[in-house]
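Per-entry structural report
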Amino acid sequence: PQIGLYLGSEVSNDLMQYVIQTCTRLRHGLTVLTFQSEADLEKIIAESKGPLIINFWATYCVPCLEEMPYFHEMANKYKSKGLSLLLVSLDMEEAYPKQIITIAKKAKLTAPIVWLDETNADYFCPRVDSSWSGGLPSSLFINNSTGYRKFYEDQVSKETLQKEIEAMLLKN
């Protein structure tokens with residue numbers, strides 16, 4: 001499996017510096033990088049230092065695309081409080097990188113987007129959360145500095161997203 005990374009224009013936090021350091025090579029002439037192994041995503045989850053939302057999505061997933069604008073909006077709103085957003089695309093190889101980049105540009109996303117080329121959901125999903133069956137969209141809310149962790153395997157409303165962000169920050 002490979003993980004590619006599209007870096008938006010506002011990548012400057014510790015999480016993304018770690019991602020960049022763990023990547024090994026450039027692909028397709030873009031700012032797209034490949035991890036040595038999928039274990040690097042697990043490492044990001046385990047070692048992130050502040051509030052982090054990891055949103056799993058795909059370009060063909062309508063609910064994913066519906067929630068993406070307010071995930072982006074809220075991430076920017078709470079960025080000054082240390083919140084990071086990582087968008088993990090679970091698209092098929094045919095969508096990488098063109099369709100993923102097209103969506104990122106159309107939605108004016110500045111959050112980093114990682115493409116995970118994983119064909120065995122039974123292996124990968126439980127490593128993110130033991131309850132995850134592989135449905136999209138899915139989101140992991142974590143704050144390792146406080147022990148906060150919550151997983152959603154469904155579209156998250158803007159109200160629920162704000163509530164989860166505030167809960168993560170309250171414990172920060």
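So, how was this worked out
- Residues numbered from 1 in each chain as written.
- Predicted model: local features only at pLDDT ≥ 70, side-chain atom pairs only at ≥ 80, totals over all residues.
- Heavy atoms only, no water.
- Core = buried A, V, L, I, M, F, W, Y, C linked by side-chain atoms within 4.5 Å.
- Buried < 20%, exposed > 50% of the residue type's maximum accessible area, 1.4 Å probe, protein only.
- Helix = DSSP H or I, 4+ residues; strand = E, 2+ residues; numbered from the N terminus.
- Contact = heavy atoms within 4.5 Å.
- Phe/Tyr/Trp six-rings, centres within 6.5 Å; stacked < 30°, edge-to-face > 60°.
- Salt bridge = Lys/Arg side-chain N within 4 Å of Asp/Glu carboxyl O.
- Polar contact = N/O pair within 3.5 Å; in protein donor to acceptor, adjacent residues only side chain to side chain.
- Pairing = 2+ DSSP bridges.
- Right-handed = clockwise from strand over helix to strand, strands pointing away.
- pLDDT = per-residue confidence, 0-100.

On to the nonpolar core. Within the largest apolar cluster, 30 residues are counted, with the highest numbers of intra-cluster contacts made by Ile53, Trp57, Leu161 and Ile165. At the level of secondary structure, the elements contributing two or more residues to this core comprise strand 4 (51–57), helix 3 (62–77), strand 5 (84–89), helix 4 (98–106), strand 6 (113–117), strand 8 (148–152) and helix 6 (158–170). Among the elements that make up this core, the one with the highest residue count is helix 3 (6 residues). In contact with Ile53, not counting residues within four places along its chain, are Phe71, Leu83, Ser84, Leu85, Leu86, Leu140, Phe141, Leu161, Ile165 and Met168. Core analysis: the next-biggest nonpolar cluster, separate from the first, contains 18 residues, Ile54, Val88, Leu90 and Val128 among them.

A full pass over the atoms with the stated rule returns 6 aromatic pairs. A centroid spacing of 6.3 Å and a plane angle of 70° characterise the contact between Phe56 and Phe124, whose relative ring orientation is edge-to-face. One end of the pair, Phe56, is in strand 4; the other, Phe124, is in helix 5 (residues 121–128), and 68 residues separate them in sequence. Judged by its relative accessible area of 0%, Phe56 falls in the buried class. With a centroid separation of 5.7 Å and 75° between ring planes, the pair formed by Phe141 and Tyr152 is classed as edge-to-face. Linking Phe141 in strand 7 (residues 138–143) with Tyr152 in strand 8, this pair joins segments that are 11 residues apart in sequence. A single burial state applies to Phe141 and to Tyr152, both of which are buried.

Evaluation of the coordinates by the stated rule reveals 3 salt bridges. The salt bridge partner of Lys150 is Glu164, with a shortest N-O separation of 3.4 Å. Residue Lys150 is found in strand 8, and its partner Glu164 is found in helix 6; the two are separated by 14 residues along the sequence.

As a further point, take the environment of Gln155. Mapped onto the fold, Gln155 is located in the loop between strand 8 and helix 6. Non-local contacts of Gln155, meaning those with residues more than four positions away in its chain, are made with Pro63, Glu66, Glu67, Tyr70 and Pro137. A distance of 3.3 Å separates the side chain of Gln155 from the side chain of Glu66, its partner in a polar contact.

Let us look at the pairing of strand 5. With respect to burial, strand 5 is a largely interior element, 6 of its 6 residues being buried. Where burial is concerned, the two faces of strand 5 agree: the one with Ser84, Leu86 and Val88 and the one with Leu85, Leu87 and Ser89 are both buried. Bridge count for strand 4 against strand 5 is 6 bridges, and the pairing is parallel. Note that in strand 5 the partner of Leu52 across the bridge is Ser84. The parallel pair strand 4 and strand 5, bridged by helix 3, forms a crossover whose chirality is right-handed. Summarising the sheet, strand 5 and strand 6 pair through 3 bridges and their orientation is parallel. Bridge pairing in strand 6 links Ser89 to Trp115. Tracing the backbone out of strand 5, into helix 4 and back to the parallel element strand 6 gives a crossover that is right-handed.

Once that is clear, we can look at the confidence of the model for the protein chain. The predicted model of the protein chain has a mean per-residue pLDDT of 79, with 76% of residues at 70 or higher. Mean pLDDT values over the elements of the protein chain span from 38, in strand 2 (residues 23–26), up to 97, in strand 8. Confidence drops under a pLDDT of 50 for residues 7–12, and excluding neighbours within four residues, the segment shows 16 contacts in the predicted structure. Here residues 22–36 is a poorly scored stretch, pLDDT under 50, and it has 41 contacts once near neighbours within four places are set aside; other chains count.

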